[in-house]
Amino acid sequence: MTLVQNPRPSRFRVSPRLAATLAGGMLAAGALTGCSTVEGIVAEQVDNATCAIGSGVIDQVSTNVSDAIAQIQVDPSGALNTLETARTALAAAGATAVEGSETADAIAGLRSTVDDLIALADDAVDGTSVDPQALADLQEQSEAQIKQLVGIC
């Protein structure tokens, strides 16, 4: 099979008026969506998907954290396992969020609180008594962060 080249390549010309009309239409479409760039639109859609996936994770983590806090003084090993499960779930949810987004920041904040609870549970496993005030503060902090995530999603 032999390819034949066209000796005169065709040139597609766009009139300035058509170019201006197309550019104006693209800007209008961007303004209507609330995002001025394609990157912004994609980031918003990824965060929406993170929330759709994460809503079940938020419920699971909320239950895990509440259960762990209730059992940390009675069964620190069980609390530690429960908190590690919550941390794993948050890591998976955080991996799908857009870095620097409100969703990613909220997940990271809750994950940090869970890490602090894990440290308490780990100390309790080693025989250190749990500071009730520190536990109450972390419980309050986790509840506020879960509420924030629910509000975002």
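Since this is a predicted model, take the numbers as computed values, not measurements.

In terms of regular secondary structure, the protein chain is built from five helices and zero strands. Moving toward the C terminus, one meets the helices and strands of the protein chain in the order α-α-α-α-α. Looking at the protein chain as a whole, 29% of its 153 residues qualify as buried. A sequence separation of at least 24 residues applies to 71% of the contacts in the protein chain between residues at least 6 apart. When the accessible area of the protein chain is evaluated, it comes to approximately 10,000 Å², of which 55% is carbon and sulfur surface.

Their axes nearest at 10 Å, the elements helix H4 (residues 102–125) and helix H5 (residues 132–152) cross at an angle of 160°. Here H4 is positioned roughly antiparallel relative to H5, judged by the angle of their axes. Note on packing geometry: the crossing formed by H4 with H5 is left-handed. Facing H4, whose interface residues are Glu102, Thr103, Ala106, Ile107, Gly109, Leu110, Thr113, Asp116, Leu117 and Leu120, H5 presents Ala134, Leu135, Leu138, Gln141, Ser142, Gln145, Ile146, Gln148, Leu149 and Ile152. Here the residues of the contact of H4 with H5 sort into eleven nonpolar, seven polar and two charged.

Before going further, it helps to examine the environment of Asp131. Looking at the element boundaries, Asp131 is found in the loop between H4 and H5. Here the alpha-carbon distance between Asp131 and Leu120, two residues eleven residues apart in the chain, equals 8.4 Å. A distance of 3.1 Å separates a polar side-chain atom of Asp131 from the backbone nitrogen of Gln133.

Moving on, we get to the pattern of salt bridges. This model, assessed by the stated rule, comprises one salt bridge. Between Arg87 and Asp115 there is a salt bridge, with the nearest N and O atoms lying 3.2 Å from each other. Within this pair, whereas Arg87 is found in helix H3 (residues 76–96), its partner Asp115 is found in helix H4, the two being separated by 28 residues in sequence. We classify Arg87 as partly exposed; its relative accessible area is 28%.

This next bit is on H4. Between the first and last C-alpha of H4 there are 35 Å, a value that for 24 residues agrees with the 34 Å anticipated at 1.5 Å per step. Restricting attention to buried positions, one finds in H4 the residues Thr103, Ala104, Ala106, Ile107, Leu110, Thr113, Val114, Leu117, Ile118, Leu120, Ala121 and Ala124. Gly127 occupies a position one or two residues after H4 and carries a positive phi of about 100°.

Let's shift gears to H3. The terminal C-alpha atoms of H3, which comprises 21 residues, lie 31 Å apart, in line with the 30 Å expected from a rise of 1.5 Å per residue. Inspection of H3 places Pro76, Gly78, Ala79, Leu80, Thr82, Leu83, Ala86, Ala89, Leu90 and Ala93 among the buried residues, and these make up the whole buried set.

Basis of the calculations
- Residues numbered from 1 in each chain as written.
- Predicted model: local features only at pLDDT ≥ 70, side-chain atom pairs only at ≥ 80, totals over all residues.
- Heavy atoms only, no water.
- Helix = DSSP H or I, 4+ residues; strand = E, 2+ residues; numbered from the N terminus.
- Buried < 20%, exposed > 50% of the residue type's maximum accessible area, 1.4 Å probe, protein only.
- Contact = heavy atoms within 4.5 Å.
- Areas by Shrake-Rupley, 256 points an atom, 1.4 Å probe, with all protein chains shown as cover.
- Axes fitted to C-alpha atoms, helices over the stretch in contact; angles between N-to-C directions.
- Parallel < 35°, antiparallel > 145°, perpendicular 65-115°, else oblique.
- Left-handed = near helix turned anticlockwise from the far one by under 90°.
- Nonpolar A, V, L, I, M, F, W, Y, C, P; charged D, E, K, R; others polar.
- Polar contact = N/O pair within 3.5 Å; in protein donor to acceptor, adjacent residues only side chain to side chain.
- Salt bridge = Lys/Arg side-chain N within 4 Å of Asp/Glu carboxyl O.
- Expected span 1.5 Å × (residues − 1).

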